[in-house]
Amino acid sequence: MALVSRHIPALFNGVSQQPPTLRQPAQGEMQLNCYSTVAEGLKKRAPFQHIAKVTTANWDTAFIHAINRDSSERYIVVVTDGDLKVFDANDGTEETVNFPQGKTYLDVVGAASASFSIVSIADYSFVCNKEKIVATKTAPASVPLQYNNWYTPPVWQQGDQENYYSPYGAGILTGRVNTFSDLPKPSDPQPPSNGDLYKVEGLDERAFGGYYVRRVAGVWEETYGPGENLTLDETTMPWALVRESNGTFSFTTFAWKARRFGDAETNPPPTFVGRNIQDVFYWKNRLGMLTGENVVLSCAGDYGNFWRNTATTILDADVIDVAVSTNQVTELEFAVPFNNGLMLFSDQAQFSLNTGDLLTANTVSIDQVTSYQMDSGVRPVGIGSDVYFCSRSGPFTKVREYFVSEGNLTLDAADVTAHVPRYIPKGITKLAGNDNEDVLFAISDEPTKRNFIYCYKRFWQGDKKLQSAWSEWYLNPTDVVLSIDIIENRLYCLLKKADGVFLNVCDLDDGAVVDGLDFDIMIDERYAVQPGDMTYNAANDTTTLTMPYNESGVDNATLRVVYSAGTGNKGRLESPQFYTISGATITVPGNITTFAPYVGTAYPMGYQFSEQFMMNGQGQAITTGRLQLRTMTLYYQDAGYFEVRVLPYGEKFAEKIEPVAPALLDTFTGRTVGDAALEIGDLGFETGAYQFYIDGNSRDAIIRIVNDSHLQSKFSSAEWEGMYFNRSRSV
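A few points on the structure. (Residues numbered from 1 in each chain as written. Predicted model: local features only at pLDDT ≥ 70, side-chain atom pairs only at ≥ 80, totals over all residues. Heavy atoms only, no water.)

Let's talk about the nonpolar core
Link 1 in the chain: Ranked by internal contacts, the top residues of the largest apolar core, which has 29 residues, are Phe 609, Met 632, Leu 634, Phe 642, Phe 692 and Phe 715.
Link 2 in the chain: For this core, the elements supplying multiple residues, two or more each, are strand 1 (2–8), strand 47 (605–609), strand 50 (626–639), strand 51 (642–647), strand 53 (686–697), strand 54 (702–707) and strand 55 (714–725).
Link 3 in the chain: Counting residues per element, this core draws most heavily on strand 50, which supplies six residues.
Link 4 in the chain: Excluding its chain neighbours within four sequence positions, the residues that come into contact with Phe 609 are Ile 8, Leu 11, Glu 29, Met 632, Leu 634, Ile 703, Ile 705 and Ala 718. (Core = buried A, V, L, I, M, F, W, Y, C linked by side-chain atoms within 4.5 Å. Buried < 20%, exposed > 50% of the residue type's maximum accessible area, 1.4 Å probe, protein only. Helix = DSSP H or I, 4+ residues; strand = E, 2+ residues; numbered from the N terminus. Contact = heavy atoms within 4.5 Å.)

Description of the sheet that holds strand 26 (residues 350–354)
Link 1 in the chain: The strand order across the open sheet built from four strands is 24-25-26-27, with neighbouring strands paired in antiparallel fashion. With one partner strand each, in any of the chains shown, strand 24 (332–338) and strand 27 (365–370) form the two edges of the open sheet. The sheet shows a mean angle of 30° between the axes of neighbouring strands, taken without regard to direction.
Link 2 in the chain: By the bridge criterion, four bridges tie strand 25 (residues 341–346) to strand 26 in an arrangement that is antiparallel. By the bridge assignment, Phe 345 is partnered in strand 26 with Gln 350. (Pairing = 2+ DSSP bridges. Axes fitted to C-alpha atoms, helices over the stretch in contact; angles between N-to-C directions.)

Focus: the packing of aromatic side chains
Link 1 in the chain: Under the definition given, this model contains 31 aromatic pairs.
Link 2 in the chain: Geometrically, the ring pair formed by Phe 441 and Trp 473 is edge-to-face, given 5.1 Å between the ring centres and 65° between the ring planes. Of this pair, Phe 441 sits in strand 34 (residues 439–444) while Trp 473 sits in strand 36 (residues 464–474); the two residues are 32 residues apart in sequence, bridging distant segments of the chain.
Link 3 in the chain: A residue is classified by how much of its surface remains accessible, and Trp 473, at 0% relative accessible area, is buried.
Link 4 in the chain: Counting every residue linked through ring pairs, the aromatic cluster contains Tyr 124, Phe 126, Phe 254, Trp 256, Phe 272 and Phe 306.
Link 5 in the chain: Seen from the ring of Tyr 603, Lys 44 lies directly overhead, with NZ or CZ sitting 4.5 Å from the centre.
Link 6 in the chain: Between the NZ or CZ atom of Arg 45 and the centre of the ring of Tyr 603, over which it lies, the distance is 4.0 Å. (Phe/Tyr/Trp six-rings, centres within 6.5 Å; stacked < 30°, edge-to-face > 60°. Lys NZ or Arg CZ within 6 Å of the ring centre and 35° of its normal.)

Thoughts on the side chain of Thr 37
Link 1 in the chain: By the element assignment, Thr 37 lies in strand 3 (residues 34–37).
Link 2 in the chain: Apart from residues no more than four positions distant in its own chain, Thr 37 is found in contact with Phe 12, Lys 457 and Gln 467.

Looking at the pairing of strand 22 (residues 294–297)
Link 1 in the chain: By the alternation rule, side chains of strand 22 split into Asn 294 and Val 296 and Val 295 and Leu 297, which are all buried.
Link 2 in the chain: As defined by bridge partners, strand 21 (residues 286–291) adjoins strand 22 across four bridges and the pair is classed as antiparallel. Of the residues in strand 22, the one forming a bridge with Leu 290 is Val 295.
Link 3 in the chain: Connecting strand 21 to the next strand, strand 22, in antiparallel fashion are two residues, including Gly 292 with a positive phi near 60°.
Link 4 in the chain: Bridge count for strand 22 against strand 23 (residues 320–323) is four bridges, and the pairing is antiparallel. By the bridge assignment, Asn 294 is partnered in strand 23 with Ala 323.

Focus: the pattern of salt bridges
Link 1 in the chain: According to the stated counting rule, one finds 32 salt bridges in the structure shown.
Link 2 in the chain: Where Glu 73 meets Arg 243, a salt bridge forms, and the shortest distance between an N and an O atom there is 2.7 Å. You can see Glu 73 sitting in the loop between strand 6 (63–68) and strand 7 (74–80) and its partner Arg 243 sitting in strand 18 (residues 239–243), a full 170 residues away along the chain.
Link 3 in the chain: Members of the salt-bridge network, linked through shared partners, are Glu 40, Lys 43, Asp 510, Asp 638 and Lys 714. (Salt bridge = Lys/Arg side-chain N within 4 Å of Asp/Glu carboxyl O.)

A word on the pairing of strand 42 (residues 542–546)
One face of the sheet, then the other: side chains in a regular strand alternate in exactly this way.
Link 1 in the chain: Judged from the four bridges that link them, strand 41 (residues 534–537) and strand 42 form a sheet pairing that is antiparallel. Of the residues in strand 42, the one forming a bridge with Met 534 is Leu 545.
Link 2 in the chain: Where strand 41 folds back on strand 42, the antiparallel hairpin that results is connected by four residues, among which Asp 541 adopts a positive phi of roughly 55°.
Link 3 in the chain: Direction of pairing for strand 42 relative to strand 45 (residues 585–589): antiparallel, over a ladder of five bridges. Residue Thr 546 lies in a different strand from strand 45, and its bridge partner there is Thr 585.

Concerning the sheet that holds strand 6
Link 1 in the chain: Taken in spatial order, the three strands make up an open sheet running 6-7-8, and their pairing is antiparallel. Both outer strands of the open sheet, strand 6 and strand 8 (83–88), are each paired with one neighbouring strand and no more. Ignoring strand direction, the axes of neighbouring strands in this sheet form an average angle of 20°.
Link 2 in the chain: As judged from the six bridges shared by strand 6 and strand 7, these two strands associate in the antiparallel manner. From the neighbouring strand, Phe 63 faces strand 7, where its bridge partner is Val 79.

Keep in mind that these numbers describe shape and distance, not what the molecule does.
Dropping the structure here:
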């Protein structure tokens, strides 16, 4: 028998479903509504703040896209069957969207969530309807009738109209010559006339497809062949969503250029003609589209041009149209630009688009790198130098990670859910990631998991990953998370509630505080009650608060009213037993109109330690003997409240033996008698160590940290002390 102790150096590595003997010391059994960072350790996640109610319509199958124009202008785009709306992400205001050419391009047969793709470039976004078959048409002989309704980037608009029509019509071939020097000259007996059209075939047409020239104003200019005046049908190509200078938006066709040189052999239409476009993206100053097994990239800097700029040679800036190299039938689903590369995904394989120092048609190639099954219902995301995608695994989901080193992909994709194989449910509908926070979020449409957000936090130190932490965030059980997007340090969330769809935001910034206080108030759907929302009834001495959302289904045990102003009231929680809730109104005692209240719902933080073991000199768990845990010490920072719950004989026995050996509950309130910071009316946040008793066998004891208050708590490490008994000695 010996008195032993062990230090748990960190608590930031999330949940593990491995056998406890194989887990890292920093991994736990359960982690709910927590956020783990290597800087602050384990802490209660930030609250979701109410921004606005945006609709009462059914958006269950809507396609949702975030636009990050700059630090002050951010928008949420919602596309449904036959309609498109734009909302200001900062306040939820619906922006004006003009439809000069109607909304027919938005009509879909299937779910909008699976039928659209959007990519944003500066003040305009390309909206692609995956159900549309791209077509071509004969280019008009003059400025197109709808030209004024097309969107043309301002840099192209000066003197550029001739790129969108064929002023010479179909044309008639005047003759053929072998070389340019063989063309008729003014000194010839039969001099050329303006409008003459010749084909320069070359001396060996098998090696040189030839090109066409037309006599214009006394000189020969390269042109298109007879009957080759072709252009893309703008109504079937992706449309443009444009932010206008007056702050409104317009949804209209884009200005796609006509073929100006060559013919069907020397300058063929892009391979997406006659097909669906599966994805639209932006990479290396080119607009890209996926169709079948092909990747098509526009001319460099000329996003509306998918034709060669001359038939005489291949220019570095020309359109790129390349197919994947594989012996399997491949339908490319997604393209993910990241770092300096481009990852391409099909449902059964992953590819890397490779290029030299310059991205040109002569230097580009596509190689298959792995053959993992991919869930085609969720778009992969890039975070810094990593790319994440999902694979189905029965009733659960695997998340795989490509790591990029010095611009080259590794030959494999690590399974970052290997230690939690039964944690992420199937039916993942969206991934959202951010390299500022090194975090990945996922949501699912599984019926029992629609109010959950799954959080993956990682941290790299050089080529070594120090953190790989999964946890789950739990929202109100009646809520449905429709979509998530992360911009900088803010996680935007569209929540479906009983009375509509609401835009919420979660501020992941470490230093986030509320107005009037130097700390954050940890309540979900948090709303800063405005003076106009409060009515004081002097006769009853009560104040009625009118909320922007219905509180039906929320009871006094969940609702929280917290004050941020008034002497002795800063950060004070109004006692829930005195609330009266009726629909969208809440009545509390007294006159609180000057207390600047915040209203929201409580959400619990929970963390359960893994089973504790003695370790040998190689850091391996010793499974023999008996370890009787006596005490544990938690090291905390900036903690205002938390509870430690100990079940010394395990959860399944707790109820039976509670009268004899009840579950132990220790509560920390952030206040220490005699502390200089302890003042009447002020909340206490402390940093230090908190010791509590366990008195249980390590195999049975369950130790949890819980915080269901409106105050933050952070934990860096822990240490336990116990008695170890072992009758044998390993040899």
